[in-house]
Amino acid sequence: MRPAAAALAVGVLLAACATVDRPPAPPQAPLSGYLDDAALDRLAASTPAPRPVGAVEPWTRAEIGPGTDRWWLAIAQAELRPLDAAQHFDCLLGTRLTGEPRPALSRIMARLMADTDGVTRRLSAERPRARPIVVDPGLQPCQRLNAAMRDSPSWPAAGAVTGAAYGELFAALAPDRADAARRRAVDIGFSRAVCRMNWTSDVEDGLAIGRAVYAQSARDPAFAADLERARAEVTAARAEGLTNPACAAERRALAVTPAVS
């Protein structure tokens, strides 16, 4: 990929993560998840042991290395905070979810993220594994790192856990695009391996864990009400006629088949 084209691609992809001409939201206390500590403990206890690290990892593939379209997409998909993470689902829904405030969607995503974070922290503390960039210092990560991030556990891939929960959420919010939403969750998880931050097996396990967390969170009585409010916002967004300018760059990047499922 030519440097000028790469610069354009990353500019378009990362621009989609930015807020769109609206005043910043006032600071709010973090939302709690749908699951209490006991439920999080049970989920962590029922999770199978980590799969072993694979013999061949995806960063040996030239088409996902630094400077490629897939590399730039991986940088963009590292953003998983609500509501910015919703833009990863814009193109498959034919809309721009961050074009207007979506308080109900932000709320349900934040509560799911609290649940995925709770399970991930428990599992990573119990079974720490070094990240690829620590095992092989010659690997170039796709994000700036501080010492705490570099030395934090690799398993399970937190981005894959949260991405999988989001994929299940958007499958429920837009049933006509359910398969595409779940594929996008795989893409988000694979981005963590493209970034050399997690092993492929960390991503595979993370995707399975994220789906399990979503299934448990969705049983909470409060979840159904939150889902209906968020679905109304997504339906309205799809009727607005807005599009995300990053879609062309995203299509190019996703022509690369992920190594996970």
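About the thresholds
- Residues numbered from 1 in each chain as written.
- Predicted model: local features only at pLDDT ≥ 70, side-chain atom pairs only at ≥ 80, totals over all residues.
- Heavy atoms only, no water.
- Helix = DSSP H or I, 4+ residues; strand = E, 2+ residues; numbered from the N terminus.
- Buried < 20%, exposed > 50% of the residue type's maximum accessible area, 1.4 Å probe, protein only.
- Areas by Shrake-Rupley, 256 points an atom, 1.4 Å probe, with all protein chains shown as cover.
- 1 Å grid on protein atoms, 1.4 Å probe; cavity = no way out; pocket = protein on both sides within 12 Å on 5 of 7 lines; lining within 4 Å.
- Points joined across faces, edges and corners; volume = space filled by probe spheres on them.
- Nonpolar A, V, L, I, M, F, W, Y, C, P; charged D, E, K, R; others polar.
- Axes fitted to C-alpha atoms, helices over the stretch in contact; angles between N-to-C directions.
- Parallel < 35°, antiparallel > 145°, perpendicular 65-115°, else oblique.
- Left-handed = near helix turned anticlockwise from the far one by under 90°.
- Contact = heavy atoms within 4.5 Å.
- Polar contact = N/O pair within 3.5 Å; in protein donor to acceptor, adjacent residues only side chain to side chain.

Caption draft 1: Geometry of the overall build of the chain. Helices and strands together make up the secondary structure of the chain, namely 12 helices and 0 strands. Within the span of the chain, comprising 261 residues, buried residues form 51% of the whole. For the chain, the accessible surface area stands at approximately 11,800 Å², while carbon and sulfur atoms represent 57% of it.

Caption draft 2: Representation of the layout of surface pockets within the structure. As a volume, the second largest pocket reaches approximately 620 Å³. The set of elements that each furnish at least two residues to the lining of the second largest pocket consists of helix H5 (103-126) and helix H8 (158-173). In terms of residue count, H5 provides more of the lining of the second largest pocket than any other element does, 6 residues in total. A class-by-class count of the residues in the lining of the second largest pocket yields 10 nonpolar, 9 polar and 5 charged.

Caption draft 3: A look at the packing of H8 against helix H10 (residues 200-217). Where H8 meets H10, the closest approach of the two axes is 7 Å, and the angle between their N-to-C directions is 45°. By the angle between their directions, the pair H8 and H10 is classed as oblique. In this structure, H8 meets H10 at a crossing whose hand is right-handed. Residues Ala160, Val161, Ala164, Ala165, Glu168, Leu169 and Ala172 of H8 lie in contact with H10, whose contacting residues are Val203, Gly206, Leu207, Ile209, Gly210, Arg211 and Tyr214. Each residue belonging to the contact of H8 with H10 can be placed in one class, and the counts come to 10 nonpolar, 2 polar and 2 charged.

Caption draft 4: Geometry of helix H3 (residues 69-77). Counting buried residues in H3 gives 8 out of 9 residues, a clear majority hidden from the surface. Among all positions in H3, only Asp69, Arg70, Trp71, Trp72, Leu73, Ala74, Ala76 and Gln77 are buried.

Caption draft 5: Geometry of the side chain of Ser152. If you trace the backbone, Ser152 turns up in the loop between helix H7 (147-151) and H8. For Ser152, the side chain forms a polar contact with the side chain of Arg131, separated by 2.9 Å. Residues within four places of Ser152 in sequence aside, it is in contact with Arg129 and Arg131.

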